[in-house]
Amino acid sequence: MKFPVGIQDFESLIKDGYVYVDKTAYIYDLVNSGRYFFFSRPRRFGKSLLITTLESYFSGKKDLFKGLAIEKLEKDWTEYPVLHLDLNDEDYTQETAVTSVINRALVNWEEIYGSKDSENTLSGRFSGIIKRAYKKTGKKVVVLIDEYDKPLISTFDNPYLQNLYRAQLKAFYSVLKTMDGSLKFALLTGVTKFSKVSIFSDLNNLKDISMDENYVKLCGMTYEEIVANFDEEVGKMSDKHGITKEECYAQLKQMYDGYHFCENTEGIYNPFSVVNALDEKKFKNYWFETGTPTMLVQVMKACSFNFNDLEGSQITPDLLGSIDAMDETPLPLLYQTGYLTIEGYDKEFNEYSLNFPNKEVKSGFVNFLARFYRQKGAGSE
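Here is a short report on the structure shown in this document. (Residues numbered from 1 in each chain as written. Predicted model: local features only at pLDDT ≥ 70, side-chain atom pairs only at ≥ 80, totals over all residues. Heavy atoms only, no water.)

## Quick look at unusual backbone geometry
Here is step 1 of the chain: Phi angles above zero are rare outside glycine, and Ser 304 is one such case at about 55°.
Here is step 2 of the chain: Here Ser 304 shows up in the loop between helix 14 (294–302) and strand 6 (313–315).
Here is step 3 of the chain: Unlike most non-glycine residues, Asn 350 shows phi in positive territory, near 55°.
Here is step 4 of the chain: Positionally, Asn 350 belongs in the loop between strand 7 (341–346) and strand 8 (351–355).
Here is step 5 of the chain: Relative accessible area serves as the criterion here: at 35%, Asn 350 is assigned to the partly exposed category. (Helix = DSSP H or I, 4+ residues; strand = E, 2+ residues; numbered from the N terminus. Buried < 20%, exposed > 50% of the residue type's maximum accessible area, 1.4 Å probe, protein only.)

## Let's talk about helix 2 (residues 24–31)
Here is step 1 of the chain: Those residues of helix 2 lying buried are Thr 24, Ile 27, Leu 30 and Val 31. The arc enclosing the buried residues of helix 2, seen along the axis, measures out at 115°, which places them on a common side.
Here is step 2 of the chain: If you follow the buried residues of helix 2, they end up packed against strand 1 (36–40), helix 3 (47–58), helix 4 (69–73) and strand 4 (183–190). (Arc of directions from axis to C-beta. Contact = heavy atoms within 4.5 Å.)

## Quick word on the packing of aromatic side chains
Here is step 1 of the chain: Inspection of the entire model under this criterion finds 27 aromatic pairs.
Here is step 2 of the chain: Aromatic side chains Trp 287 and Tyr 339 sit 5.2 Å apart centroid to centroid with 50° between the ring planes, which places their arrangement in the tilted category. Placement of Trp 287 in the loop between helix 13 (271–280) and helix 14 and of Tyr 339 in the loop between helix 16 (331–336) and strand 7 is noted, with a sequence separation of 52 residues between them.
Here is step 3 of the chain: The buried category is assigned to Trp 287, whose relative accessible area is 0%.
Here is step 4 of the chain: Aromatic ring contacts, followed pair by pair, group Phe 10, Tyr 20, Phe 37, Tyr 57, Phe 58, Phe 65, Trp 77, Tyr 80 and Phe 185 into a single cluster.
Here is step 5 of the chain: The positively charged end of Arg 43 is found above the aromatic ring belonging to Trp 287, 4.1 Å away from the centroid. (Phe/Tyr/Trp six-rings, centres within 6.5 Å; stacked < 30°, edge-to-face > 60°. Lys NZ or Arg CZ within 6 Å of the ring centre and 35° of its normal.)

## Regarding the environment of Lys 139
Here is step 1 of the chain: Inspection of the secondary structure assignment puts Lys 139 in the loop between helix 6 (122–137) and strand 3 (141–146).
Here is step 2 of the chain: Along the primary structure Lys 139 and Asp 157 are separated by 18 residues, whereas in three dimensions their C-alpha atoms are 43 Å apart.
Here is step 3 of the chain: Setting aside residues up to four positions removed in sequence, Lys 139 forms contacts with Thr 78, Glu 79, Tyr 80, Pro 81, Ala 133 and Tyr 134.

Set out below in structure tokens:
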């Protein structure tokens, strides 16, 4: 079995024979239920794979979907012009970073659809490309933006760059509001929801499906999906550890399950950790070790938030959905970045209760805090 460790491109994943957990039924439902969407999930949760799967689907690459649910659902397989912007791979410590990464994408699209001298801003060029792509192909345009908020997440501790990037992204994303007649579909993914950025303050037609129970399984893995795709590998892992297959499933659940993006829904496993664990046949903190929550701890300190209050903490839905209240509470940021998840919902008081999703996150966070404060204490001597 070829485990898709680090594979985020759907076409290469399929062509190279890696295991793909079929999400195409949810994708078909999504693209036939509306036009403009926003979807947030923690890092390494499958958002980039989702974007590239949509790119292949809207490009009409039917052969890639052989044997998948969407093969029987889709009848037309129409090819649309697709504009895919990935904001992942850039160093945002330089103030020219956002304009550089957007400009590279625009140049590539202009080579296909042309340009005009009068279009001298990023937003103007983006608008012109969409219009010409529609006119040239006769098909409405699909816009896919992966990790829309990466520049903002990367500069939490730099107010100057935060304000600069907010203004630049606001102008660029606002194009989507004016191009309704030329757009077939648009999806923006990210980790956090900055309501002050134009896609949320201006684009009132953008539907946030991050906490929609219909799409809780769009990324990540369910227990049933692990059994259907990896049961034999779980058996091999149990043999290696000298435990039964049932005990192995129980340990996988304890370590990597427990994410709830809507109340009263099935728990979701962290796909990055599951795939790595089955590949290496080890129970380790794979997801946690790919990022350090230093910034989150600093936000907790700035808010004078006690770590012991994290488990069972309460928050209202309006605060949980946006991190603009970060000066008051770190809970929305901790939830959206995957360190906390929904444990329950009190309908009477309209409050969510939050907790660590699983053993990997809780043990990793506790150990990190211990190291963080030891280092701070040693540095102050």
